[in-house]
Amino acid sequence: MNYTAKMLRDDALKGKTIVVTGGGSGLGKSMTTYFMELGANVVITSRNLEKLEQVKVELEEKTGSKCLALACDVRNIEEVEAMHQKAIETFGKVDVLLNNAAGNFISPTERLSANAFDTIIDIVLKGTKNCTLTFGKHWIDTKQKNTSILNIVTTYAWTGSAYVVPSATAKAGVLAMTRSLAVEWAKYGMRFNAIAPGPFPTKGAWDRLLPEDIRDKFDLAKKVPLKRVGDHQELANLAAYLVSDFSAYMNGEVITIGWR
Ligand code: HXC
Ligand code: NAP
């Protein structure tokens, strides 16, 4: 058994439109790739349109599915609403929102300015709130059922973590939002789940959390009981399952993959 193999059957996401915030890099790009391989239309959003346009071309060629690249800073509700509108104009409807965009840095908390703390809360917690409210209210108003929101948190959303306090605070809030709305909005046909990844190497996370000079001293693989970091396909397999109809009876769950 190869844990990097692709898990779901062909066309498992055919007919679905999925919006992935932060879909142009790292784990967001890996999940987007697999969703498109499974037949979904995917809207990728972030602040950097040039990067997104390149990824769109690359993934449409690779998978044969459709991708729409849209600039959207999740901190800004007007930009989120415009992105949502454009996604609907292009694909007719959206079925799934994946709140993946995040910001983080490692720092002693006493060295953080109020603005530094706010910046992470604004991207992670308020960004997730902005997207969730925009998509959720639309699904309620239009009575669209069989929709779902998948949130990416971290393993320290429960435990907290020194030196990444704004991120831990914001991710704990996202976890509470996931579990709360799973109950409140289930009656509208919406499901809410979350994934808490352990360490999965990406440039975005590694450059900010493991600067070159300390990288050798902190081998994250050694801190995980299974003694390895994650492969992106393992996360993409879990995400694809959670946004697919195979998980139609899963709601309010948070699944840890890898652990430290
Ligand atoms: C202390 C910092 C800082 C740092 C920025 N600031 N970097 N403070 N240490 N390393 C302060 C700035 O001085 C400023 O405060 C405020 O934060 C905003 O900084 P800007 O550079 O203006 O912000 P912005 O351009 O909006 O960029 C946001 C960012 C940046 C979060 C700072 O890193 C970014 O764009 N990140 C996106 C991608 C990312 O972070 N990926 C990692 C996800 S990994 P003042 O007071 O000076 O104005 C993850 C979990 C991994 O989430 C878990 C692994 C196990
Ligand atoms: P990444 O590549 O840096 O991903 C972050 C993404 O968020 C980028 O595409 C970035 O794009 C986007 N983004 C940042 N600020 C934004 C904003 N204001 N508006 C819109 N988009 C914004 O890092 P990653 O490792 O793949 O992280 C993806 C997710 O996994 C995050 O939620 C992270 O917390 C989580 N996670 C990662 C790990 C890991 O080990 N890698 C572990 C646990 C959890 P732009 O810069 O173009 O805007």
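Residues numbered from 1 in each chain as written. Chains lettered and ligands numbered in written order. Predicted model: local features only at pLDDT ≥ 70, side-chain atom pairs only at ≥ 80, totals over all residues. Heavy atoms only, no water.

Caption draft 1: Local environment of the overall build of the chain. Each helix and strand in the chain was counted, giving 10 helices and 7 strands. Its C-alpha atoms give the chain a radius of gyration of 17 Å, within 12% of the compact-globule value 18 Å for 260 residues. Projected onto its principal axes, the C-alpha positions of the chain cover 50 × 45 × 35 Å. Sequence-distant contacts in the chain: of pairs separated by 6 or more residues, those separated by 24 or more amount to 76%. Of the roughly 12500 Å² of accessible surface on the chain, 53% is carried by carbon and sulfur atoms. On the chain, the mean spot of the 32 positive side-chain charges and the mean spot of the 28 negative ones are 4 Å from each other. (Helix = DSSP H or I, 4+ residues; strand = E, 2+ residues; numbered from the N terminus. Rg over C-alpha atoms; globule rule 2.2 N^0.38 Å. Contact = heavy atoms within 4.5 Å. Areas by Shrake-Rupley, 256 points an atom, 1.4 Å probe, with all protein chains shown as cover. Lys, Arg positive; Asp, Glu negative; His and termini not counted. Charge placed at Lys NZ, Arg CZ, Asp CG, Glu CD.)

Caption draft 2: Summary view of the site of ligand 1. By nearness alone, 20 residues border ligand 1, and Arg47, Asn104, Ser113, Asn115 and Arg208 come closest of all. Here Arg75 contributes a side-chain N or O atom positioned 3.0 Å from an oxygen atom of ligand 1. Contact distances for ligand 1 include 2.8 Å between an oxygen atom and a side-chain N or O atom of Arg208. About the coverage of ligand 1: the protein hides 61% of its 1100 Å² of free accessible area. Elements supplying a minimum of two residues to the shell around ligand 1: α4 (114-142) and α7 (203-209). (Near = heavy atom within 4 Å. Polar contact = N/O pair within 3.5 Å; in protein donor to acceptor, adjacent residues only side chain to side chain.)

Caption draft 3: A look at the sheet that holds strand β7 (residues 254-257). If you trace the 7 strands from one edge of the open sheet to the other, you get β3-β2-β1-β4-β5-β6-β7, paired in parallel fashion. Of all strands in the sheet, those bounded by a partner on one side alone are β3 (67-71) and β7. Within the sheet, the average angular offset between the axes of one strand and its neighbour, ignoring direction, is 15°. Where strand β1 (residues 17-21) lies against strand β4 (residues 96-99), 3 bridges are found, and the strand directions are parallel. Bridging from a neighbouring strand, Val20 pairs with Leu98 of β4. Together, β2 (41-46) and β3 form the strand contacts of helix α2 (residues 49-63), whose direction differs from that of β3 by roughly 175°. Lying over the sheet, helix α10 (residues 232-243) contacts β1, β4, β5 (147-152), β6 (190-197) and β7, oriented at roughly 170° with respect to β6. (Pairing = 2+ DSSP bridges. Axes fitted to C-alpha atoms, helices over the stretch in contact; angles between N-to-C directions.)

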